[in-house]
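# Results of the structural survey
Okay, here's what each chain looks like letter by letter:
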Amino acid sequence: MVSLDEARRVVLDGCRPLSPVRWPLGVADRCVTAESVSSPGAVPPFDNSAMDGYAVRADDVRSAGPDAPVSLVVVATVLAGHPCDLAIGPGQCARIMTGAPLPAGVDAVVPVEQTTTGSWDPASSGGDDGIVGVFQAVDVGAHVRRAGEDVQRGDEVVGRSVVLNPARLGVLAGAGRATVLVHPRPRVGVFTTGDELVAAPWPLAPGQIRDTNRTVLLALLAREGFDPVDLGRIPDDRGALTAAVKSGVRSCDALVTTGGVSMGQVDLVRVVLDELGDMTWMQVAIKPAKPFAFGVVRRGRGGRPVPVFGLPGNPVSSAISFELLARPGLRRLAGFAEHELVRPPVRARVLGALSRRPDGKVHYARVMLSADPESGWVVRSAGGQGSHQLSALAAANALAVLPDGDGANDGELVEVIPFDATILS
Ligand code: AMP
Ligand code: MG
């Protein structure tokens, strides 16, 4: 048997970041950046109004109050996207709409609600030569969004090796970018293997079970921000498996398979992958998910080596093998920084017990992690711990790491890997 760290090393050695591509912002969500981006200009690019109202000189309305309106002459109307060339003089003001550039001569905005106008009829174009009464004194800069308040010229807006999200894409758009250099999201093909497998709606014939692994893995891949590719269910047949691997490596950046990697008589995935690629077959000292294969299959002679993850068939094993071994490799392919490949664990106090027997392996128990006002993080078992018992994994939000031995008693501290870091914040 090899340790989890040794198996992970084999995986990471075979996974290099995908070559950067320049992609339009619209398709780059969840990609990892391969460049640092600085803004060539300020955002906002000019001083503008934060309100619909009147652009004034603060000094002119210093004495204004609810019962003492100050009258100003309205000499212009400024709309968003339409700068006004006129400089506003003392005793004058301009109607101004949210986002419109502040004209010269003014230094503050009074919201329309604080004036005798009260509100505007959006349908009326309005004259510029009226008089308006202002009921509110304002400070210099009131309701004005200054140029550069969000981003200054030259600021780094997105660093290298950062995962893009909608707001980061927005910041890039604000900095004038239409494209960004990223590592492409890996296209990851999944096929499951086994003559016993059928798709969900079909009635089961004797000996058949439903294929759950493909559903789980495709969803896990999508959650990770990769592009999952469903390559179907493949029977325990050498020709069919060979065809599936060959077409998978042609169309995908990585392949994930389940089943057929242990010592069974029809564990043909092993035979086929050995024939087509350069594989390492491992017995990893963990439970569940002991059998595991990793290697590369080339896209034709001299072609790109495509990483292939051979996960075990048992439903819980395949999911945990994905979490502990495939996910770090795929994240490396996606361009994540070294320190972001595996999830950081937390320490939590056991409620009840998480028992196990000594067997030379580290156990990953399916647990429910929660915050307790007094004891901090606490964990309890999420149910049956068999590698076929997917319900406990479904109830779990974390894995508890139980080193070889008898497990953890009530009140002991254990290391826990939360599935989703947002529960920690
Ligand atoms: P194998 O690794 O192919 O020997 O499979 C180990 C166990 O996992 C067997 O009980 C299989 O029936 C089961 N199994 C394999 N693939 C799947 C799958 N896609 N969905 C659910 N169970 C599976
Ligand atoms: Mg099988």
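Structure's up top.
Positions within a chain are numbered from 1, following the residues in the order the chain's sequence is written. Lettering of chains starts at A and numbering of ligands starts at 1, both following the order in which they are written. It should be noted that, the model being predicted, local features are given only for residues of pLDDT at least 70 and side-chain atom pairs only at 80 or more, the latter also being counted only at that level, while totals for whole chains, interfaces and linings use all residues. Just so you know, side-chain values use all the structure's heavy atoms and leave hydrogens and water out.

### Looking at the side chain of Ser49
Strands are runs of DSSP state E lasting at least 2 residues, helices are runs of H or I lasting at least 4, and numbering of each runs from the N terminus. Tracing the backbone shows Ser49 in strand S4 (residues 48–49). Here, residues are in contact when the closest pair of their heavy atoms is within 4.5 Å. In contact with Ser49, other than residues within four places in its own chain, are Ile96, Met97, Thr98, Gly99, Ala100, Leu102, Val109, His143 and Arg145.

### Quick notes on the environment of Leu241
With respect to the secondary-structure elements, Leu241 resides in helix H4 (residues 238–251). With 139 residues separating them along the chain, Leu241 and Arg380 place their C-alpha atoms 41 Å apart. Residues in contact with Leu241, not counting those within four places in the same chain, are Phe191, Thr193, Ile234, Pro235, Leu268, Val269 and Val272.

### Describing helix H2 (residues 166–174)
An α-helix turns once every 3.6 residues. As a result, residues three or four positions apart point the same way. Polar contact is defined as a pair of N or O atoms within 3.5 Å, subject to the rule that within protein one atom must be able to donate a hydrogen and the other to accept it, and that residues adjacent in sequence are counted only when both atoms are side-chain atoms. Between the side-chain oxygen at the start of H2 and the backbone nitrogen of Ala167 there is a gap of 3.2 Å, and the oxygen is on Asn165. Following H2 by one or two positions, Gly176 adopts a phi angle in the positive range, close to 90°.

### Concerning the site of ligand 1
We call a residue near a molecule or strand whenever a single non-hydrogen atom of that residue lies within 4 Å of it. Surrounding ligand 1, one finds 15 residues, the nearest of these being Glu196, Asp211, Thr212, Gly260 and Gly313. Taking Asp211, its side chain carries an N or O atom lying 2.8 Å from a nitrogen atom of ligand 1. Burial of ligand 1 by the protein amounts to 76% of the accessible area it has alone, namely 480 Å². Elements supplying a minimum of two residues to the shell around ligand 1: strand S13 (187–193) and strand S15 (209–210). Residues are grouped as follows: nonpolar covers Ala, Val, Leu, Ile, Met, Phe, Trp, Tyr, Cys and Pro; charged covers Asp, Glu, Lys and Arg; every other residue, Gly included, is treated as polar. Tallied by class, the residues present in the shell around ligand 1 amount to three nonpolar, nine polar and three charged. Under the convention used here, a 1.4 Å probe and the Shrake-Rupley method define accessible areas, while residue burial counts only the protein chains that appear.

### Details of the layout of surface pockets
Cavities and pockets were defined on a 1 Å grid built over protein atoms only: a cavity is a set of grid points that admits a 1.4 Å probe from which the probe cannot escape, a pocket is an open set flanked by protein on both sides within 12 Å along at least five of seven lines, and lining residues are those with an atom within 4 Å of any such point. Grid points are joined across faces, edges and corners, and a volume is the space filled by probe spheres set on the points. What the largest pocket holds in volume is close to 1100 Å³. Listed by contribution, the elements that provide at least two residues to the lining of the largest pocket are H2, helix H3 (213–223), helix H6 (315–333) and helix H7 (390–395). In terms of residue count, H6 provides more of the lining of the largest pocket than any other element does, six residues in total. Quantified by volume, the second largest pocket comes out at close to 670 Å³. Lining the second largest pocket we find 43 residues, and of these Pro288, Asn314, Pro315, Ser317 and Ser387 sit closest to its centre. Where the lining of the second largest pocket is concerned, the elements lending two or more residues are S15, strand S19 (286–287), H6, strand S23 (354–355) and strand S24 (362–372). At four residues, the largest contribution of residues to the lining of the second largest pocket is made by S24. Tallied by class, the residues present in the lining of the second largest pocket amount to 15 nonpolar, 18 polar and ten charged.

### Observations concerning the nonpolar core
Throughout, nonpolar core names a set of buried Ala, Val, Leu, Ile, Met, Phe, Trp, Tyr and Cys residues whose side chains join them through atoms within 4.5 Å. Think of it in three bands: with a 1.4 Å probe and only protein chains considered, a residue is buried below 20% of the maximum accessible area for its type, exposed above 50%, and partly exposed in between. With 38 residues, the main nonpolar core has Val284, Phe292, Phe309, Leu324, Leu330 and Tyr364 as its most contacted residues. Sorting the residues of this core by element identifies helix H1 (4–13), S13, H3, strand S17 (254–258), strand S20 (291–298), strand S21 (305–311), H6 and strand S26 (398–402) as the ones contributing at least two each. The element that contributes the greatest number of residues to this core is H6, accounting for eight residues. Discounting chain neighbours no more than four positions away, the residues touching Phe292 are Val11, Thr280, Trp281, Met282, Val284, Phe309, Gly310, Leu311, Ser321 and Leu325. In this structure, Val229, Leu255, Val261 and Met279 belong to the second largest nonpolar core, which totals 20 residues.

### Looking at empty space enclosed by the protein
Throughout the structure, instances matching the rule amount to one cavity of 30 Å³ or more. In this structure, the largest cavity encloses a volume near 30 Å³. Lining the largest cavity, in full, are Arg30, Cys31, Val32, His183, Pro184, Arg185, Pro186, Glu224, Gly225, Phe226, Ala334 and Phe336.

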